[in-house]
Amino acid sequence: MGKTYERIDGRLRTFIEEQPLFFTATAPLAGDGTVNLSPKGLTGSFAVLDERTLAYLDFAGSNAETIAHLRENGRITLMWCAFQGPPNIVRVHGRGEAVFRDDPRFAELLTRFPDIDPSLHGLRAVIVVHAELIRDSCGYAVPYMAYEADRELHERRFAREDDASLSAYFEKKDHIAVSLDGLPGLPLPLPPSSV
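This text gives an overview of the structure that appears in the document. (Residues numbered from 1 in each chain as written. Predicted model: local features only at pLDDT ≥ 70, side-chain atom pairs only at ≥ 80, totals over all residues. Heavy atoms only, no water.)

### Regarding helix α2 (residues 65-72)
Then, in step 1: Counting buried positions over the 8 residues of α2 gives 6, a clear majority of the element.
Then, in step 2: Those residues of α2 lying buried are Glu 65, Thr 66, Ile 67, Ala 68, His 69 and Leu 70.
Then, in step 3: In this structure, the buried side of α2 is in contact with β2 (22-26), β3 (36-40), β5 (53-58), β6 (75-81), β7 (89-100) and β8 (125-137).
Then, in step 4: Note on α2: the residue one or two positions beyond its end, Gly 74, has a positive phi of about 80°. (Buried < 20%, exposed > 50% of the residue type's maximum accessible area, 1.4 Å probe, protein only. Helix = DSSP H or I, 4+ residues; strand = E, 2+ residues; numbered from the N terminus. Contact = heavy atoms within 4.5 Å.)

### Focus on the side chain of Gln 19
Then, in step 1: Mapped onto the elements, Gln 19 comes out in the loop between α1 (10-18) and β2.
Then, in step 2: If we ignore the near neighbours within four places in the chain, the residues touching Gln 19 are Trp 80, Cys 81 and Ala 82.

### Things to note about α1
Then, in step 1: Within α1, the full set of buried residues consists of Leu 12, Phe 15 and Ile 16. The arc that holds the buried residues of α1, viewed along the axis, is 95°, so those residues lie on one side. Exposed residues lying more than 90 degrees from the buried face of α1 are Arg 11 and Glu 18.
Then, in step 2: Taken together, the buried residues of α1 touch β1 (3-5), β4 (46-50), β6, β7 and β8. (Arc of directions from axis to C-beta.)

### Notes on the pairing of β4
Then, in step 1: Counting buried residues along β4, 4 of its 5 residues qualify, which places the element largely inside the surrounding structure.
Then, in step 2: Summarising the sheet, β4 and β5 pair through 4 bridges and their orientation is antiparallel. When the bridges of β5 are listed, Phe 46 appears paired with Tyr 56.
Then, in step 3: Here β4 folds back onto β5, and the loop between the two strands holds 2 residues. (Pairing = 2+ DSSP bridges.)

### Concerning the pairing of β6
Then, in step 1: Of the strand pairs in this sheet, β2 and β6 are connected by 3 bridges, and their pairing is antiparallel. Paired with Ala 25 across the two strands is Thr 77, which belongs to β6.
Then, in step 2: Here β6 pairs with β7 via 7 bridges, running antiparallel. Paired with Ile 76 across the two strands is Gly 94, which belongs to β7.

### Some remarks on the pattern of salt bridges
Then, in step 1: Within the structure shown, the criterion is met by 8 salt bridges.
Then, in step 2: Note that Asp 58 and Arg 124 form a salt bridge whose closest N and O atoms lie 2.7 Å from each other. Placement of Asp 58 in strand β5 and of Arg 124 in the loop between α3 (106-110) and β8 is noted, with a sequence separation of 66 residues between them. Across the pair, Arg 124 and Asp 58 agree in class, each one buried.
Then, in step 3: Within the structure, one salt-bridge network assembled from shared partners comprises Glu 97, Asp 103 and Arg 105. (Salt bridge = Lys/Arg side-chain N within 4 Å of Asp/Glu carboxyl O.)

### Side note on the packing of aromatic side chains
Here a ring pair, both rings aromatic, is described through the centre-centre distance and the interplanar angle of the planes.
Then, in step 1: This model, assessed by the stated rule, comprises 6 aromatic pairs.
Then, in step 2: Taking the centre distance of 5.4 Å and the plane angle of 75° together, the rings of Phe 158 and Tyr 169 count as edge-to-face. You can see Phe 158 sitting in helix α4 (residues 153-158) and its partner Tyr 169 sitting in helix α5 (residues 163-172), a full 11 residues away along the chain. Like Phe 158, the residue Tyr 169 is buried in the burial classification.
Then, in step 3: One residue, Arg 157, lies across the ring of Phe 158, its end atom 4.6 Å from the ring centre. (Phe/Tyr/Trp six-rings, centres within 6.5 Å; stacked < 30°, edge-to-face > 60°. Lys NZ or Arg CZ within 6 Å of the ring centre and 35° of its normal.)

This is how it looks when you write it as structure tokens:
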């Protein structure tokens with residue numbers, strides 16, 4: 001029932017851009033390493049950059065497993081499920097990288113997210129994903145669920161932070177600078193934000 005796509009455009013792009021939630025999966029190279037699966041949301045924090053490139057804003061959180069895995073090996077899978085409308089699941093398997101705040105590409109990438117103020121959420125990086133395999137599948141067993149609204153808690157928590165206090169917050173967390181498996185995570189202290 002699944003189909004492979006050469007590019008993200010048309011109906012496929014519309015489907016991806018309309019979903020309020022997606023998931024990211026990464027893993028270290030070590031066979032006994034910790035596989036990471038994370039939900040991502042917040043309206044405006046995801047963008048299709050071109051037919052084979054996607055990006056999302058990486059905000060403050062309790063760990064940095066995705067960043068650590070991307071720094072080690074670059075492998076990532078993104079997944080969207082239709083919780084409303086016709087059943088569908090889309091997966092993009094590819095290579096990703098974390099573009100940090102001191103990277104010359106950072107400011108330009110932020111222009112691709114005009115509908116969100118990243119300063120309110122403790123922005124750490126922009127995750128850029130280059131698609132290698134794009135597939136969909138039926139999604140017949142995915143339940144119907146209704147999207148009500150984005151939660152406001154993340155913004156309320158991190159809007160009060162400046163660069164120095166955000167860096168101090170990250171430095172106190174066990175799995176920000178170093179992953180659960182001891183891989184380099186988010187480089188600290190954070191460089192000043194250019195936004």
